[in-house]
Every structure is written in C-alpha cells, then in structure tokens.
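A structural walkthrough
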Amino acid sequence: MKVLRAFLVLASMILALQVQSATISGIVLDDNGDPLVGANVYWEGTTDGMATDVDGKFTIQTNAESKRLITSYTGYRNDTTAVKGKSNITIVLVDDLVLDQVTISARKMAVLRSRTSAFDTETLSGEELCKAACCNLSESFETSASVDVAYSDAATGAKQIRLLGLSGTYVQLLNENTPGVRGLGQNFGLEYIPGPWMYSIQVSKGTSSVINGYEAISGQINVELQKPQLTDPLSINAMFNSELHQEVNMTGGWKMRNNKNISTGVLAHIQSGSYEMDHNNDGFMDMPKTNQLNLINRWNFKHGDYTAQVFVRGIYDHRMGGQMRSRRMENDKNNVPDYAIDLTTNRIEGFMKNGFLINEDQGMSIGIITAASYHDQRNDYGIYRSWNADQTNAYFNAIFQTNLGEGRVAEEDDHENKLSVGVSVNYDRYDERAEDDHQSLQLRRRSDEITPGVFVEYTYMFRDKVTLLLGVREDYSSVYGWFTTPRANVRLAPWKWWHIRGSVGLGYRSPNVIADNASFLVSNRWLESTSKVAYHQQKTIQNFDNAGVSNFETPQECALNTGFSTTFYIPMGSRELQLSGEYYYTKFLDGIVADWDYSAKSLLLRPIGDDVQSFGNNWQVELNMELLRGWTITTAFRYTDVKNRYEINGKVQTVDKPLTNKFKGIVTTSYQTPLKKWQFDFTAQFNGYGRMPAYFMGHGDQYYKSGDFYYHKWYPQLLGQITHYFRKCSVYVGAENMTDFRQHNPVISGNDPYNDNFDASMVWGPINGWKLYAGFRWALTED
C-alpha cells in the first residue's frame with residue numbers, strides 16, 4: 001500500500017505539471033576527441049550558462065533572448081554554435097594560446113558548483129586534487145571547508161571523514177555510483193582510493209537522489225576514477241616524504257587496435273612505509289608501518305546506443321604498529337609483553353554497468369548496474385585483543401529514465417519533465433568476532449541482510465528559474481522489515497545572480513557497532529549496552545553479556561535531514577565573485593547513540609528514546625573568486641553544533657558530542673603563472689575547540705575547563721605546495737602542518753598498555769608534526 005500511495009502521489013504531480021521539454025543537450029570535446037570537464041557553455045549575450053560534467057556533457061535550458069551557444073575553456077579558442085532546430089550537439093574546441101575576451105574568469109575554477117542541479121553539489125576537479133600531496137581520498141579535502149578528515153585513533157592510522165559534523169558512517173560514499181567505502185571497509189577504505197587515480201569528486205550535502213539508495217544521511221560523496229578512453233597511454237606519479245613513506249601510482253588507458261569501440265585501462269598503486277617514528281615521545285609509533293598493493297583493470301565498450309563498463313580491483317594491505325622498537329627491547333629486558341598492532345586486509349571488488357539509449361530525442365534510456373565485493377580482515381591489538389571479520393556484498397540497480405510528453409518540439413518551450421523509475425537489491429553478509437582474552441570478553445556478529453526495493457524520481461524544470469526533484473523509495477529489509485524513504489529537493493533562481501536551494505528527506509542505515517566504533521579496540525574499553533535495549537520499537541536487540549559470547553542485533557538507524565543554501569553570483573568587471581551560505585539540520589529518529597561519557601572502561605550503546613537524543617546544526621559561509629588572472633582565492637567559515645542527550649553522572653544532560661570541533665575556518669589561494677609554467681598553492685586551516693569525554697582530565701596548555709567538562713583548544717594548520725610544469729611532466733614539493741602543531745600524549749598510559757587506563761582513541765588533533773614531501777608526475781601522451 002505504501003508503494004501504491006507513493007506512485008499515486010507522484011503521478012498526480014506529474015499529470016499536473018506535465019508539459020513539453022525545452023532543453024539542448026550536448027558534449028564538449030577537444031581536438032583529440034577527449035571530453036572537456038568544466039567547460040563553460042552559455043547563451044550569447046547573457047550570463048545564462050553552466051559547466052560540463054565529468055563526461056564533458058551538458059543539458060541547458062533554451063533561452064528566448066539568444067539562439068547561439070558560446071563554449072569556452074582555458075587554453076582553447078571559443079566556439080559559437082547556432083542551435084536552431086537542434087536538440088543534441090557536439091562541440092569541438094581547438095587549442096589556442098590566445099583567448100578571446102569573455103565574461104568568464106580566465107582560469108577555470110578547480111571547485112565547480114552546479115548552477116542547474118537541485119542538489120547542493122560541488123565538484124572537486126583533478127586540478128583541485130593536485131593542489132596538495134593528495135596521496136589518497138582521505139587527504140583530498142585538505143583545501144575544502146565542507147569536509148573534515150581526522151584520525152580515528154592514535155595507533156592504527158585509520159582516518160574518518162566528517163560531513164555536517166557527523167562521522168563518515170552517515171555519508172554515502174560511492175565509487176562511480178556503486179557501493180564504495182562502507183561496512184568493514186570504512187576504517188581504511190579512504191586510503192584505498194589513491195589521489196592520482198581520481199578524475200573528480202562530487203560532494204552533495206543533505207538528502208541526495210533515491211536512485212543510489214537510502215543510506216545518505218548527512219550527504220553523498222561520489223568518486224569518479226580515471227576512464228580508459230580518457231586516460232593517457234601511461235602516467236606515473238611518484239611521491240616521497242620526510243617520514244620515509246613512499247608510493248608510486250601508475251595509470252594507463254588504451255584503445256584496441258582492431259576495435260576502436262573497446263578500450264581498457266590499468267591503475268596500479270604501491271605504497272610502503274617501514275620507518276618507525278615517535279614525534280610525541282609516547283612510546284608508540286605515530287603511524288604504523290605500511291605495505292599496500294592496489295590494482296584495477298577496467299574495460300569500456302561502446303557501440304551505437306549501447307555502452308558497457310567492467311571494473312575489477314584487488315587490494316592487499318598490511319599494517320604493523322604499536323610500541324616502538326626501543327620500548328619493545330626494554331619490555332624484553334623487564335619480561336613485560338609487547339603491545340603490537342598487526343592489521344591485514346584482503347579485498348576484491350568489481351562492477352559492471354550496461355547502458356541502453358532507446359530514444360535520444362525523448363531522453364529515454366535504461367541503465368543496469370551490478371556490483372560485488374568480498375572483504376576479509378585479520379586484526380590483532382596486543383597479545384590479548386583481536387577483531388577478525390569478513391563481509392560479502394552484492395548489489396543490483398536497474399534504472400529507466402525518460403522525458404515526459406513528446407520530448408522537445410520547439411525552442412520556445414519553457415518546461416521539462418523527467419521521470420526515473422527502477423528496482424534495486426542490496427545484500428550484506430557479515431561474520432565478525434571481537435575478543436579480549438585477558439578480560440574473557442567476546443562479541444560475535446553473524447548477519448545476513450537482503451534489501452530489495454523500488455524507487456521513483458520526478459524532475460520538473462522551468463527555464464533556468466525552477467528545478468524541482470521529488471523522489472521516494474520503498475524497501476524491505478530481511479532484518480528490519482518495510483521502510484519508506486521520501487526526499488525532496490528544489491532550486492529557485494529568481495535572478496541569474498541569485499540561486500536558492502532547499503532539501504528535506506529521510507535516510508536509513510543498518511549499523512555495525514564494532515566497525516562504527518572500531519577505535520575502542522585500541523584501548524582497554526569494551527562495548528556495553530543498557531538493559532533497556534532488550535526490546536525497542538518492535539526490533540529485538542540482545543543484551544551484551546560481558547561474561548560470555550554475545551550475538552546481537554541493533555535497531556536500524558533513521559534520520560531526518562533538512563537544509564537550505566543560497567548562492568550569489570556577483571559580476572566584478574570581467575570576473576565573478578561567488579558568495580554562498582548554507583544551513584543544515586540533522587536529527588536521528590531511531591538508532592543507537594555511542595556514549596563515550598559513560599566510563600573510561602566502557603563504551604555504552606544507548607537506544608534513542610525520550611532521554612537519549614542525537615541531533616546537529618551546521619552553518620557555513622564561503623566566498624571564492626579569481627582576483628587577478630591566474631590568482632584564485634577561497635575563504636570559508638563553518639560552525640558545527642552537534643549534540644547528544646543522555647544521562648551523565650546521574651543527570652540527563654544535552655551536551656556537545658565529544659571530540660567534535662565546533663568550527664573550522666579556511667583560506668586557500670592558488671596562483672598559476674602565464675602559460676602554466678609554475679603554480680603556487682597555500683592553505684590555512686583554523687580548527688575549532690571541542691569537548692572531551694566527561695571522565696577525561698585535561699593536563700597542559702592544550703586544554704581548558706568550562707563547567708563540568710574539559711575542552712581542547714582551537715589550533716591552526718598551514719600547508720603549501722609549489723609545482724613546476726614541463727611539456728609532459730611536472731615536479732612538486734610541499735609541506736604539511738607547517739605550524740608543527742601536535743596533540744600532546746595522544747596515547748594515554750602508553751608505557752603500560754595492558755592496564756585499565758590505556759587509551760589511544762582520544763584523538764582530536766594532528767599526531768604528526770611538520771612534514772615535507774616531493775614528487776613528480778609524468779605522462780606519455782598520444783601523438
């Protein structure tokens with residue numbers, strides 16, 4: 001009945017708004033036939049335009065004031081195209097060092113913000129990713145104000161992103177719109193996507209499309225990797241830093257000689273770090289010694305109206321951390337057991353995409369995506385504690401898309417209606433065992449969950465003034481039963497220089513209490529739950545029995561997210577100033593709250609209810625502009641207010657979420673000399689203060705006390721890079737954390753890791769100090 005009601009509601013909207021389409025679609029290519037990402041396409045004599053997407057494609061509303069499209073891209077001659085009587089066009093730009101004077105900035109912005117999408121989305125291009133070392137996805141957001149990346153603990157090197165103040169578990173991370181970093185992969189998955197492999201990153205805040213599933217709560221991040229048909233025959237990126245960490249990345253793409261419709265590519269990553277370092281003198285390695293091998297083979301086939309992609313990847317990752325060698329030698333003399341961390345991961349994954357274009361003028365197509373992965377990990381933390389687990393995932397998504405009505409029939413048509421419907425199935429199988437032999441504790445989790453679902457998404461566009469997107473999913477979980485995911489996004493442009501967006505919707509997630517809170521494993525803390533968890537909203541949850549084995553389930557997480565953003569595009573002579581502001585609110589309606597305030601010896605899991613709540617508010621303002629030719633600047637400030645409500649010391653209180661920065665300020669600037677010979681990039685970060693758990697006793701000048709709690713102070717970070725470009729290669733040198741700020745004693749009781757006070761999970765700031773790096777990029781291009 002829920003599915004029927006949802007379809008009836010959308011059908012009534014469609015019938016009420018259904019009119020004919022009035023858009024022009026196309027692709028922008030260079031003179032070698034490769035797509036140009038971020039090319040500017042706009043109507044002659046107006047400022048009505050957009051940038052091409054990651055495939056060089058665009059769809060633009062017709063304009064009654066103009067019949068000719070202007071296309072421009074830095075380093076290429078502008079193109080003027082008459083579009084009368086056309087609905088699909090191909091534009092080829094010719095290389096030219098001398099650009100005509102146009103009303104856009106001379107240098108393409110490295111962070112692109114969509115002007116027509118209903119989603120609040122920004123795209124980080126390859127140029128933005130080259131502004132810093134960007135060894136992997138976790139380091140790709142150092143110049144971004146929207147996304148934070150921090151260490152999960154001070155011993156394993158695991159990193160986690162935060163969006164809207166919420167941990168990365170609530171961000172839907174996709175690999176080319178297929179399941180990416182999730183489940184067991186969330187602890188080190190960000191490091192399994194090397195920077196040189198990435199073509200672009202799309203960051204969407206708030207509720208996103210129901211087409212990709214129901215898991216986006218705070219937002220969605222989609223990573224596009226290098227495509228074989230767009231990649232140079234051979235590219236190499238090698239980097240070495242002052243911590244004696246080195247890595248080499250290789251990418252290559254080739255078209256088959258006997259069949260130009262088929263192309264294949266290889267992406268390879270080798271990483272090694274075997275030197276022990278302890279800058280903070282706590283007796284523990286700041287970063288574990290690492291060896292990683294990461295290989296991808298992908299294929300692309302296109303023939304007529306059919307397109308197919310095949311992607312296969314294998315990963316081997318081994319990390320050795322824990323106490324320094326000098327401390328281990330001292331332990332041997334005193335007959336004290338060492339504390340070593342040994343983490344091994346093997347993973348294989350792949351996907352296949354099939355696309356069928358049925359009617360180009362009608363925009364009618366079918367897409368079928370299948371994906372699968374197997375993840376196996378064997379982790380030891382000291383001589384007593386371990387976490388061994390494996391996860392199998394399978395995914396299927398079939399999508400049908402079409403324009404409604406008769407398609408585009410006249411240039412003066414102002415409206416467009418699109419419909420997407422489909423079915424999806426997601427399967428997850430977990431087998432986990434976490435043990436502490438010293439305390440005779442064990443957690444066992446075996447879970448099989450299959451979730452089929454249907455979805456429908458409707459898009460209405462009126463000229464360039466209004467974009468309305470309505471979507472709903474109905475899914476059935478074999479563990480949690482039926483659930484509905486409604487979402488709505490709207491974009492309004494009352495004037496060409498002022499855009500407004502709003503969104504509201506629900507997100508769901510099946511939690512994994514071990515993987516979601518894995519930092520507790522590098523402490524002598526253990527998971528506990530309240531006795532009230534036995535029965536919650538008709539979902540059975542078994543209590544954790546600290547005297548034996550527990551095989552448990554947790555309630556499905558459900559959260560409401562709503563947001564508002566506005567962007568001003570202000571002409572400043574021949575350039576443009578972009579000023580944006582946003583606010584997002586997230587409230588969890590069901591699920592589990594991890595109570596880090598309960599005890600230094602336990603992590604208490606509390607079910608959401610009247611006295612247990614979790615919600616967050618997020619405000620951000622951002623300004624970016626090209627000040628002078630080749631010189632761009634971005635400044636932003638974000639204030640985050642994430643709250644937990646539960647009992648602390650016998651009293652129910654609403655408090656700041658522990659270890660969450662209250663604000664972040666950022667200034668990033670980049671200058672590129674004429675003809676792109678040199679590039680200078682500099683970023684300053686100002687990271688805000690945050691509350692420590694209730695039992696934490698702050699010592700030293702990095703903490704202060706306010707009321708009943710200790711807080712860590714705010715701290716600055718500086719990073720910079722200089723790049724010199726040659727014809728087919730470039731060299732770069734840079735530095736990170738140039739303020740040399742480090743958290744003091746991030747490992748508590750590191751000299752005795754088997755006592756009750758040992759804790760390496762209280763991390764809020766940098767562990768490593770000043771770091772230098774150098775590298776080169778080289779490409780063998782086709783003549």
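Cut-off values and rules
Residues numbered from 1 in each chain as written. Predicted model: local features only at pLDDT ≥ 70, side-chain atom pairs only at ≥ 80, totals over all residues. Heavy atoms only, no water. Core = buried A, V, L, I, M, F, W, Y, C linked by side-chain atoms within 4.5 Å. Buried < 20%, exposed > 50% of the residue type's maximum accessible area, 1.4 Å probe, protein only. Helix = DSSP H or I, 4+ residues; strand = E, 2+ residues; numbered from the N terminus. Contact = heavy atoms within 4.5 Å. 1 Å grid on protein atoms, 1.4 Å probe; cavity = no way out; pocket = protein on both sides within 12 Å on 5 of 7 lines; lining within 4 Å. Points joined across faces, edges and corners; volume = space filled by probe spheres on them. Nonpolar A, V, L, I, M, F, W, Y, C, P; charged D, E, K, R; others polar. Pairing = 2+ DSSP bridges. pLDDT = per-residue confidence, 0-100. Axes fitted to C-alpha atoms, helices over the stretch in contact; angles between N-to-C directions. Patch = residues over 30% accessible without salt bridge, like charges linked within 9 Å, V, L, I, M, F, W, Y side chains within 5 Å. Areas by Shrake-Rupley, 256 points an atom, 1.4 Å probe, with all protein chains shown as cover. Salt bridge = Lys/Arg side-chain N within 4 Å of Asp/Glu carboxyl O.

The next point concerns the nonpolar core. One finds Tyr339, Tyr381, Trp387 and Phe520 to be the most contacted residues of the largest nonpolar core, which totals 48 residues. Residue assignment for this core shows that the elements contributing at least two residues are strand E22 (340-359), strand E24 (385-403), strand E25 (415-436), strand E26 (441-462), helix H4 (513-516), strand E30 (526-529), strand E36 (592-595) and strand E37 (602-607). Ranked by the residues each element gives to this core, the list is headed by H4, at three residues. Setting aside anything within four residues of it in sequence, one finds Tyr381 in contact with Thr156, Tyr339, Ala340, Ile341, Leu343, Ser386, Trp387, Leu521 and Val522. Listed in part, the 28 residues of the second largest apolar core include Leu163, Met198, Val203 and Tyr395.

Right, let's talk about empty space enclosed by the protein for a bit. Summed over the entire model, instances satisfying the criterion amount to 13 cavities of 30 Å³ or more. Reported here for the second largest cavity is a volume of approximately 710 Å³. Lining the second largest cavity are 34 residues, and of these Val149, Ala150, Gln685, Gln717 and Pro766 sit closest to its centre. Listed by contribution, the elements that provide at least two residues to the lining of the second largest cavity are strand E10 (147-151), strand E11 (159-163), strand E42 (678-687) and strand E46 (715-725). Residue contributions to the lining of the second largest cavity peak at five residues, all from E10. Partitioned by chemical class, the residues of the lining of the second largest cavity number 13 nonpolar, 12 polar and nine charged.

A few words on the sheet that holds strand E43 (residues 690-691). Two modes of strand pairing occur in sheets, parallel and antiparallel, and in both the strands are linked by backbone hydrogen bonds. Pairing is antiparallel in the open sheet, where three strands are placed in the order E43-E45-E44. Sheet topology places E43 and strand E44 (703-706) at the edges, where each strand pairs with a single neighbour. When E44 meets strand E45 (residues 709-712), the two strands line up antiparallel, connected through four bridges. Paired with Tyr703 across the two strands is His712, which belongs to E45.

Averaged over all residues, the pLDDT of the protein is 86; the fraction at 70 or higher stands at 88%. The low-confidence segment residues 1-21, where pLDDT is below 50, has 36 contacts with residues more than four positions distant or belonging to other chains. When the criterion is pLDDT under 50, residues 96-106 qualifies, and its contacts beyond four places in sequence or with other chains add up to 22 contacts.

In this section: the sheet that holds E37. Taking strand neighbours across the sheet as the criterion, the three strands line up as E30-E37-E36 in an open arrangement whose pairing is mixed. Edge positions in the sheet fall to E30 and E36, since each has one partner strand and no second. Sheet twist, expressed as the mean angle between neighbouring strand axes with direction ignored, is 30°. The pairing of E36 with E37 spans four bridges and is classified as antiparallel. Looking at E37, one finds that Asp595 is bridged to Leu604.

The grouping of Leu627, Leu628, Trp631, Tyr671, Trp678, Phe680, Ile722 and Val733 at the surface amounts to a nonpolar patch, some 690 Å² of accessible area in total. Put simply, the parts of the chain that give the nonpolar patch at least two residues each are strand E38 (613-628) and E42. The residue Leu628 is located in strand E38 in this model.

Quick look at the pairing of strand E27 (residues 466-477) now. Of all 12 residues in E27, nine are buried; the element is thus mostly enclosed. Relative to E27, E26 is paired through 10 bridges, and the arrangement is antiparallel. Looking at the pairing, Phe455 lines up with Arg473 of E27. Between E26 and E27, which pair antiparallel in sequence order, lie three residues; one of them, Arg463, sits at a positive phi of approximately 45°. Pairing analysis gives 12 bridges linking E27 to strand E28 (residues 481-495), with the strands arranged antiparallel. In the sheet register, Leu468 faces E28, and the bridge partner there is Val490. What sits between E27 and E28 in their antiparallel hairpin is a turn of three residues.

It is generally the case that most residues other than glycine have a negative phi and that most peptide bonds are trans. Residue Leu675 is not a glycine yet carries a positive backbone phi of 65°. Summarising the element assignment, Leu675 is placed in the loop between strand E41 (663-672) and E42. At Ser749, a residue that is not glycine, the phi angle is positive and equals roughly 60°. For Ser749, the location among the structural elements is in the loop between strand E47 (729-736) and strand E48 (771-780).

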